[in-house]
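# A closer look at the structure
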Amino acid sequence: MTRPEASRPTIRLSLPPEWDGPPEPALEAAARATLGRGRAPTQDAELSITLVSAESIRVLNRDYHGVDDVTDVLAFGLGEDPLLGDVYICPEVAEASARQLGLDPDEEILRLVIHGILHLLGHTHPEGEARYASPMFELQERLLAEVRDRT
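Residues numbered from 1 in each chain as written. Predicted model: local features only at pLDDT ≥ 70, side-chain atom pairs only at ≥ 80, totals over all residues. Heavy atoms only, no water.

## Some details on the pattern of salt bridges
Filter applied, for reference: A side-chain nitrogen of Lys or Arg and a carboxyl oxygen of Asp or Glu constitute a salt bridge if their distance falls within 4 Å. Comment: elements are numbered from the N terminus, with helices defined as DSSP H or I runs of at least four residues and strands as E runs of at least two.
Considering all chains together, one arrives at eleven salt bridges under this definition. Glu 55 is the salt-bridge partner of Arg 58, the closest N and O atoms lying 2.7 Å from each other. Of this pair, Arg 58 and Glu 55 are both found in helix α2 (residues 54-65), three residues apart, which corresponds to roughly one turn of the helix. Several salt bridges converge on common partners, so that one network encompasses Glu 107, Glu 108, Arg 111, Glu 141 and Arg 148.

Printed below as a string of structure tokens:
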């Protein structure tokens, strides 16, 4: 008797045609590593990761959060498992932030994939400087290091 194959989360990536950032396998590895650390079973989850323009993320931020400004990442939960949610990332904002902080832009995109998914899984952080010492950010950086070591 054969055992049924374990189901895996469905991850959909929507990248612009001119995308030259982290390759799809690295983005998917970051998503899978993060989902594997979730607080709830996510094997039947569906997740989309979409890279959008600064104007598009500004409109999403305005319409759904009441903040008429650009941001680097937004995460929207779409209900209970198995449907987990959508993560929107603005590479333009992420790359500018990475340059300002002296970080690798590709690594910053992977960090934002992880960050958005952690929010979908229920993790939170305080605003301001305290966010960088929060358990969520510590987990985010551990996951990023794991993904970086594997890719």
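## As for the packing of helix α4 (residues 105-120) against helix α5 (residues 135-150)
Axis angle and axis distance: for two packed helices, these are the angle between their axes and the distance between the axes, and together they describe the pair. The test is simple: Every angle, taken between N-to-C directions, lies between 0 and 180 degrees, and every axis is a line fitted to C-alpha atoms, over only the stretch in contact when it is a helix. Oblique is the label for any angle not under 35 degrees, not over 145, and not in the 65 to 115 range, which are roughly parallel, roughly antiparallel and roughly perpendicular in turn. Crossings are classed by handedness, with left-handed meaning an anticlockwise turn of the near helix from the far one by less than a right angle and right-handed meaning a clockwise turn. A contact between two residues is defined here by any heavy atoms of the two lying within 4.5 Å. Classification convention: Asp, Glu, Lys, Arg as charged; Ala, Val, Leu, Ile, Met, Phe, Trp, Tyr, Cys, Pro as nonpolar; all other residues, Gly among them, as polar.
At a closest axis distance of 9 Å, the pairing of α4 and α5 adopts a crossing angle of 130°. Taken together, the axes of α4 and α5 lie oblique to each other. The two elements α4 and α5 cross, and the hand of that crossing is right-handed. Of the residues in α5, those in contact with Glu 107, Leu 110, Arg 111, Ile 114, His 115, Leu 118 and His 119 of α4 are Met 136, Phe 137, Leu 139, Gln 140, Glu 141, Leu 143, Leu 144, Val 147 and Arg 148. Across the contact of α4 with α5, the residue classes break down as nine nonpolar, three polar and four charged.

## A look at the packing of aromatic side chains
Rules: Geometry of aromatic contacts follows a simple scheme: Phe, Tyr and Trp rings, the Trp one being its six-membered ring, pair when their centres are within 6.5 Å, and the pair is stacked under 30 degrees between planes, edge-to-face over 60, tilted otherwise.
Counting across every chain of the model gives three aromatic pairs. On the basis of an interplanar angle of 65° and a centroid distance of 5.2 Å, the ring pair of Tyr 64 and Phe 76 is categorised as edge-to-face. Taken as a pair, Tyr 64 in helix α2 and Phe 76 in strand β3 (residues 73-77) lie far apart in primary sequence, twelve residues in all.

## Some remarks on helix α3 (residues 91-101)
Note on helix geometry: an α-helix contains 3.6 residues per turn, so any two residues three or four positions apart are oriented the same way. The cut-off we apply is this: Note on exposure labels: buried denotes an accessible area under 20% of the residue type's maximum, exposed denotes more than 50%, and partly exposed covers the range between, all computed with a 1.4 Å probe on protein chains only. The arc under discussion is defined with respect to the helix axis, by the directions toward the C-beta atoms.
Along α3, the positions that sit buried rather than exposed are Pro 91, Val 93, Ala 94, Ser 97 and Ala 98. The buried side chains of α3 occupy one side of the element, clustering within an arc of 160° when seen end-on. Seen from the open side of α3, the exposed residues pointing more than 90 degrees away from its buried face are Glu 92, Arg 99 and Gln 100. Downstream of α3 by one or two residues, Gly 102 has phi in the positive range, about 75°.

## So, the nonpolar core
Soluble globular proteins tend to pack their nonpolar side chains together in the buried interior. Selection rule: For this analysis, a nonpolar core means a set of buried residues of the types Ala, Val, Leu, Ile, Met, Phe, Trp, Tyr and Cys, connected via side-chain atoms within 4.5 Å.
The biggest cluster of nonpolar side chains holds 31 residues, and the ones touching the most others in it are Leu 47, Ile 49, Val 87, Ile 89, Val 113 and Ile 117. Only α1 (24-35), β2 (46-51), β4 (83-89), α4 and α5 provide two or more residues apiece to this core. For this core, the element with the highest residue contribution is α4, accounting for eight residues. Discounting residues that sit within four places of it in the chain, Val 87 has contacts with Leu 47, Ser 48, Ile 49, Thr 50, Val 73, Leu 74, Ala 75, Leu 112, Gly 116, Ile 117 and Leu 120. Judged by nonpolar contacts, the second largest core, of nine residues, contains Val 52, Leu 60, Tyr 88 and Cys 90.

## Here we look at the environment of Leu 15
Its location among the elements puts Leu 15 in the loop between β1 (10-14) and α1. Judged by relative accessible area, which is 22%, Leu 15 ranks as partly exposed. Remark: the alpha-carbon pair of Leu 15 and Leu 51, spanning 36 residues in sequence, is separated by 5.6 Å. Contacts of Leu 15, omitting those with residues within four sequence positions, involve Glu 24, Leu 27 and Leu 51.

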